[in-house]
Amino acid sequence: MKAAHFFRSLGFILISATAALAQNTLYWDINGIEFGSGDAGGTWDTATPNWNLQSDGQAEPGFFVNGDSVVFSAGDDGVTLKTVTIDGTVATSSIKLEEPGVVQLTGGSLDISGGALFDLFDPAPLDPMIPATGLGTATDRNPVWTCAITGTGDLTIEAHGSTADAPGANNSDLTLSGANDFTGTVTILSGLVNLASDFGAPANVVLLDGGGLVGEANLASALGIRFGSTGGFLRTVAGTTTTLTGAIANAPGVTATSLRHTDTGTLKLAGDGSGFAGMVTNAGGELQVGAANADWSGAAFDLLPGGGNLTFNGTGIAKAKSINTVADHTIIDSGTVLDVPLYTIIP
């Protein structure tokens with residue numbers, strides 16, 4: 001249940017220091033003191049009273065103060081697509097989508113200095129009488145946030161969408177397509193984030209620890225990807241090829257992890273895999289290891305019956321810890337020598 005708050009009046013804002021008011025949780029609300037939020041978009045700035053301290057929306061809406069956490073939306077009527085336009089720059093440490101209505105963020109800049117959480121997914125409650133919250137795993141829920149994300153701080157994302165081996169027509173994910181220049185690690189704990197997103201400064205890395213990235217079109221990415229102890233997913237949509245040229249490795253302190261390729265597209269690992277230790281499971285389409293002298297000596301490749309071939313198509317000597325395959329789904333192209341201590345074919 002959402003925690004209730006007393007209304008913070010404009011007069012109180014004008015009298016009090018901004019720092020003293022920071023870190024409140026505000027609920028999007030554009031329909032005055034009526035229950036709920038009004039289920040519509042509007043302007044997000046520090047001068048428009050579109051926010052409520054009371055979770056059900058039954059208080060006079062007030063103003064956002066930089067540093068506040070925000071929830072979309074008050075009440076439980078936030079069920080349709082809406083666009084919220086940021087005017088200028090706002091600073092927040094948390095954005096939560098608590099209802100199934102997709103919220104598109106556009107306009108100005110979102111400052112995440114000090115770190116932030118984007119939470120778009122809440123699992124279905126155990127009690128069937130309690131409605132599910134967040135965007136969940138339903139299809140056609142595609143928030144595209146075109147506002148610029150700025151500042152210095154790590155970004156943690158609890159996304160939505162399907163990480164199933166065969167997600168079918170489920171196309172839900174989060175896309176961050178603004179001119180983002182924030183500096184920090186992006187950690188994905190659930191769901192899927194579009195690989196075509198702008199992940200900020202070039203030196204930023206993405207850490208997958210329960211969540212994943214999805215390639216929805218033919219693309220090549222030099223993004224550095226790290227895997228936490230929970231592991232992560234790389235989904236390639238049918239008919240597409242995703243080529244990863246950046247380094248793929250375990251997160252610091254993680255001794256064993258997992259990378260799972262899902263859906264029926266092609267994933268090409270063309271970067272440095274020498275820092276990866278754990279299981280690489282091909283549960284989807286074609287999986288290619290295409291770097292010269294590809295060093296995946298810490299990777300145990302597991303080719304599932306529903307997945308495609310594993311092809312080593314770089315040059316020189318390719319290394320793997322082991323390969324476990326059904327009906328010999330491993331292809332070694334001319335010009336590549338495979339060095340693997342353990343190779344098992346399951347009849």
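Residues numbered from 1 in each chain as written. Predicted model: local features only at pLDDT ≥ 70, side-chain atom pairs only at ≥ 80, totals over all residues. Heavy atoms only, no water.

Caption draft 1: Local environment of the overall build of the protein chain. Each helix and strand in the protein chain was counted, giving two helices and 31 strands. Its C-alpha atoms give the protein chain a radius of gyration of 23 Å, near enough to 20 Å, the size a compact globule of 347 residues would have. Taken along its principal axes, the extent of the C-alpha atoms in the protein chain is 75 × 40 × 30 Å. Taking all 347 residues of the protein chain together, the buried fraction comes to 52%. Summarising the internal contacts of the protein chain: among those between residues at least 6 apart in sequence, 49% fall at separations of at least 24. Of the charged side chains in the protein chain, 11 are positive and 33 negative, and the gap between their average positions amounts to 7 Å. (Helix = DSSP H or I, 4+ residues; strand = E, 2+ residues; numbered from the N terminus. Rg over C-alpha atoms; globule rule 2.2 N^0.38 Å. Buried < 20%, exposed > 50% of the residue type's maximum accessible area, 1.4 Å probe, protein only. Contact = heavy atoms within 4.5 Å. Lys, Arg positive; Asp, Glu negative; His and termini not counted. Charge placed at Lys NZ, Arg CZ, Asp CG, Glu CD.)

Caption draft 2: Summary view of the sheet that holds strand E10 (residues 148–150). One open sheet accounts for four strands, arranged E2-E5-E7-E10; its pairing is parallel. Two strands lie at the open edges of the sheet, namely strand E2 (42–44) and E10, each paired on one side alone. The mean angle between the axes of side-by-side strands here comes to 25°, regardless of whether they run parallel or antiparallel. Pairing between strand E7 (residues 103–111) and E10: three bridges, direction parallel. Note that in E10 the partner of Leu110 across the bridge is Ile149. (Pairing = 2+ DSSP bridges. Axes fitted to C-alpha atoms, helices over the stretch in contact; angles between N-to-C directions.)

Caption draft 3: Main features of the pattern of salt bridges. On inspection of all chains with the given rule, the structure shows four salt bridges. One salt bridge connects Asp39 with Lys82, and the closest N-O pair in it is separated by 3.0 Å. Of the two residues, Asp39 is situated in the loop between strand E1 (25–28) and E2 and Lys82 in strand E5 (residues 82–91); the sequence distance between them amounts to 43 residues. For Asp39, a relative accessible area of 17% corresponds to the buried category. (Salt bridge = Lys/Arg side-chain N within 4 Å of Asp/Glu carboxyl O.)

Caption draft 4: The packing of aromatic side chains, seen in detail. One pass over the structure, following the stated rule, counts twelve aromatic pairs. Measuring from centroid to centroid gives 6.2 Å for Trp51 and Phe64, while their planes differ by 45°, and the two rings are tilted. Taken together, the positions of Trp51 in strand E3 (residues 51–52) and Phe64 in the loop between E3 and strand E4 (69–72) put the pair 13 residues apart, joining distant regions of the chain. Using a relative accessible area of 1% as the deciding quantity, one classes Trp51 as buried. Ring pairs connect the aromatic residues Trp28, Trp44, Trp51, Phe64 and Phe72, which therefore count as one cluster. (Phe/Tyr/Trp six-rings, centres within 6.5 Å; stacked < 30°, edge-to-face > 60°.)

Caption draft 5: Spatial organisation of the nonpolar core. Formed by 66 residues in total, the largest nonpolar core has its most connected members in Trp44, Phe72, Ile95, Phe118, Leu213, Trp296 and Phe301. The dominant element in this core, judged by the number of residues it contributes, is strand E26 (residues 295–303), at four residues. In this structure, Phe118 is in contact with Ile95, Leu110, Ile112, Trp145, Ile149, Leu155, Thr156, Ile157, Glu158 and Leu176, ignoring residues within four places of it in sequence. (Core = buried A, V, L, I, M, F, W, Y, C linked by side-chain atoms within 4.5 Å.)

Caption draft 6: Region of interest: the pairing of E5. As defined by bridge partners, E2 adjoins E5 across three bridges and the pair is classed as parallel. Directly across from Gly42, in E5, lies its bridge partner Val84. The pairing of E5 with E7 spans eight bridges and is parallel. Across the sheet, residue Thr83 finds its bridge partner in E7, namely Gln104.

Caption draft 7: Main features of the sheet that holds strand E25 (residues 287–289). What the six strands build is an open sheet, ordered E17-E20-E23-E25-E27-E29; its pairing is parallel. Here the strands that pair on one side only, and so sit at the sheet edges, are strand E17 (219–221) and strand E29 (330–332). Geometrically, the sheet is characterised by an average inter-axis angle of 15° between neighbouring strands, direction not taken into account. The pairing of strand E27 (residues 310–312) with E29 spans three bridges and is parallel. In the sheet register, Thr311 faces E29, and the bridge partner there is Ile331.

Caption draft 8: Inspection of the environment of Val193 at higher detail. Secondary-structure assignment places Val193 in strand E14 (residues 192–194). Using a relative accessible area of 0% as the deciding quantity, one classes Val193 as buried. Remark: the alpha-carbon pair of Val193 and Ser55, spanning 138 residues in sequence, is separated by 28 Å. With residues near it in sequence (within four places) discarded, Val193 still touches Ile157, Ala159, Leu174, Ile188, Phe199, Gly212, Leu213 and Val214.

Caption draft 9: Summary view of the pairing of E4. Because side chains alternate across E4, one face comprises the buried residues Ser69 and Val71, and the other comprises Val70 and Phe72, equally buried. Relative to E4, E1 runs parallel, the two sharing three bridges. Each bridged residue has a counterpart across the sheet, and for Tyr27 the counterpart in E4 is Val71. Of the pairings in the sheet, the one linking E4 to strand E6 (residues 94–97) comprises three bridges and is parallel in character.

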